[in-house]
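The primary structure of each chain is shown beneath.
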Amino acid sequence: MNKKLMTYLDEVFLPYEDLHVVRELKEELSSDLQEKWSDLKNQGYNDETAYSMTVDSIGDISEIIESISSKTKELKQMVGRDFSKIDLRDSDLKQVEVHEGKFNKSAMDGSDFSGSDLTNSSFQSSDLRNITFDGSNLTGAKLIKSALSGASFQRCVLDYTDFSYSDLSGICFDNHTFEGTIFDKAGLKETSFKNAVFRNVSFRHSYDVKKADFDGATMDKLTYAVLKGSKANLKNVTVI
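Conventions used here
- Per chain, residue numbering runs from 1 following the sequence as it is written.
- Residue-level local features of this predicted model are given only where pLDDT is at least 70; pairs of side-chain atoms are given and counted only at 80 or more, and the full residue set underlies all totals for whole chains, interfaces and linings.
- Where side-chain values are given, they derive from all heavy atoms of the structure, hydrogens and water being excluded.
- The secondary structure listing takes helices from DSSP runs of H or I that are at least 4 residues long and strands from runs of E that are at least 2 residues long, numbered from the N terminus.
- Should any heavy atoms of two residues lie within 4.5 Å, those residues are considered in contact.
- Two N or O atoms count as a polar contact when they lie within 3.5 Å, although within protein this holds only if one can serve as hydrogen donor and the other as acceptor, and sequence-adjacent residues are included solely when both atoms are side-chain atoms.
- The rule for a salt bridge is simple: a side-chain nitrogen of Lys or Arg has to be within 4 Å of a carboxyl oxygen of Asp or Glu.
- Only protein chains enter the accessibility calculation, which uses a 1.4 Å probe; a residue whose area is less than 20% of its type maximum is buried, one above 50% is exposed, and one in between is partly exposed.
- Only buried Ala, Val, Leu, Ile, Met, Phe, Trp, Tyr and Cys residues count toward a nonpolar core, and they belong to the same one when joined by side-chain atoms within 4.5 Å.
- Aromatic contacts are taken between Phe, Tyr and Trp rings whose centres are within 6.5 Å, Trp giving its six-membered ring; a plane angle under 30 degrees counts as stacked, one over 60 as edge-to-face, and the others as tilted.
- Whether a charge sits over a ring depends on NZ of Lys or CZ of Arg being within 6 Å of the ring centre and within 35 degrees of the ring normal.
- Nonpolar side chains (Val, Leu, Ile, Met, Phe, Trp, Tyr) within 5 Å and like charges within 9 Å form the patches, drawn only from residues with over 30% relative accessible area and no salt bridge.
- Per-residue and other accessible areas follow the Shrake-Rupley method at a 1.4 Å probe size, with only the shown protein chains counted as cover for residues.
- The charge count includes Lys and Arg as positive and Asp and Glu as negative, but it does not include His or the ends of the chains.
- One atom stands in for each charge, and that atom is NZ of Lys, CZ of Arg, CG of Asp or CD of Glu.

Points about the environment of S121
Thinking step 1. In this structure, S121 sits in the loop between α4 (61–76) and β1 (177–179).
Thinking step 2. In the structure, S121 is positioned 21 residues away from K142 in sequence and 6.4 Å away in space, judged by C-alpha atoms.
Thinking step 3. The residues contacting S121, other than those within four sequence positions of it, are V98, H99, E100, G101, F103, G140, A141 and K142.
Thinking step 4. Here the side chain of S121 touches V98 through a polar contact of 2.6 Å, landing on its backbone oxygen.

This is how it looks when you write it as C-alpha cells:
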C-alpha cells in the first residue's frame, strides 16, 4: 500500500487497536483505499493529488470508528445485565465479564465470546449458531433450548453448564472435563466426547446417544450406567 495512506490509517485507528471489530474495519478500508489510489494513479493523477482525493473520498471515518468502539466497550463493562431479545449477531464480545447475565431469546449467530467469563449467565432459547466460546468460563451457564449448530467450545470450563433441550449435533467436546454438566433431552447426534472426563454428569432422556462418540472417555459409575442404559457405545471407556 501507499506508505502515506498506511500512515494515515495507523494514526486514525491507533486508539482502537485493542478491539477486534475495529481492526477488521481497518483491514477492509486499507484494501479499498489502495484500490482507489491505484485507480486515480492510472487516470494520470500524481501521488500527492491521488492521496488527497483518496482520503477525501471516505469522509470523516473517526465518527464511525468511535461509534463502533463505544458500543463494544460499553457492553464489555456491563456485568449482570439483561441483554435478552437483542440482536447481537456477529458481535466481537471477546473477554467480556458478565456474571448472571441474561441473553435469553437473543440473536447471537456468529458472535465471538472467546476468553469471556460468563459464569451463571443464561442463554435460553437463543440463536447461538456458529458462536465461539473458546477459552470461556461457562460455569453454571444455561444454554437451554438453544440453536447451537456450528458452535465452538474449545478449552471451555463447562462445570454445571446446562445444555438441556438444545441440539448439540456435530459439536466437538473432545478432551473436556465435565463436572455436574447437564445434557438432559439434548440432541447428541454425532456429538464428539473423545477423551473427555465425566463426573456426576446428567444425560437423562438425551436423544441420539447411540450416535455420540465417547471413544477414550473417562467417567464415574453412575454416568456410565445411565449412558449404558441409553445404548451408548462405551467400548473404549474407562470407569472410575
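A short note on the pattern of salt bridges
Thinking step 1. Enumeration over the complete set of coordinates arrives at 7 salt bridges.
Thinking step 2. Measuring nitrogen to oxygen at the nearest pair gives 2.5 Å for the salt bridge that ties R89 to D87.
Thinking step 3. With relative accessibility at 49%, the residue R89 sits in the partly exposed group.
Thinking step 4. Judged by relative accessible area, D87 falls into the partly exposed class, the value being 46%.
Thinking step 5. R204 serves as the salt-bridge partner of D184, at 3.2 Å between the closest nitrogen and oxygen. Here the residue D184 occupies a position in the loop between β1 and β2 (197–199), and R204 occupies one in the loop between β2 and β3 (218–219), the gap between them amounting to 20 residues.
Thinking step 6. On the accessibility criterion, R204 (54% relative accessible area) is exposed.
Thinking step 7. Beyond isolated ion pairs, a larger network of salt bridges with shared partners links D109, D127 and R129.

A few points about the nonpolar core
Thinking step 1. Judged by nonpolar contacts, the single largest core of 43 residues is most densely connected at F153, F183, F193 and F214.
Thinking step 2. L5, L33, A50 and V55 belong to the second-largest nonpolar core, a separate cluster that totals 9 residues.

Topic: the side chain of D109
Thinking step 1. Take D109: it is sitting in the loop between α4 and β1.
Thinking step 2. The buried category is assigned to D109, whose relative accessible area is 19%.
Thinking step 3. A distance of 3.3 Å separates the side chain of D109 from the side chain of N130, its partner in a polar contact.
Thinking step 4. With near-sequence residues (within four places) excluded, D109 lies in contact with R89, D90, D127, R129 and N130.

Details of the packing of aromatic side chains
Thinking step 1. Enumeration according to the criterion identifies 25 aromatic pairs in this entry.
Thinking step 2. Where F83 meets F103, the ring centres are 5.1 Å apart and the plane angle is 20 degrees; that geometry is what we call stacked. Highlighted residues: F83 in the loop between α4 and β1 and F103 in the loop between α4 and β1, separated in sequence by 20 residues. With respect to class, F83 is no different from F103; both count as buried.
Thinking step 3. With centroids separated by 5.6 Å and ring planes inclined at 75 degrees, the aromatic side chains of F178 and F183 adopt a geometry described as edge-to-face. Grouping residues by exposure puts F178 and F183 together as buried.
Thinking step 4. Above the ring of Y165, the side-chain terminus of K145 is found at 5.4 Å from the ring centroid.

Here's the deal with a negative patch on the surface
Thinking step 1. Side chains of E27, E28, D32, E35 and D39 sit close together on the surface and give a patch of like negative charge.
Thinking step 2. For D32, the position within the fold is in helix α2 (residues 20–42).
Thinking step 3. A relative accessible area of 47% places D32 in the partly exposed class.

Some remarks on a positive patch on the surface
Thinking step 1. There is a patch of like positive charges on the surface, built from K189, K210, K211 and K231.
Thinking step 2. In this fold, K189 is placed in the loop between β1 and β2.
Thinking step 3. The exposure class of K189 is partly exposed, given its relative accessible area of 37%.

Examining unusual backbone geometry
Thinking step 1. One non-glycine residue with positive phi stands out, namely N120, at about 60 degrees.
Thinking step 2. Turning to its location among the elements, N120 is positioned in the loop between α4 and β1.
Thinking step 3. With a phi close to 60 degrees, N195 is a non-glycine residue in the positive phi region.
Thinking step 4. Position of N195 relative to the elements: it lies in the loop between β1 and β2.
Thinking step 5. Overall, N195 belongs to the partly exposed group, its relative accessible area being 46%.

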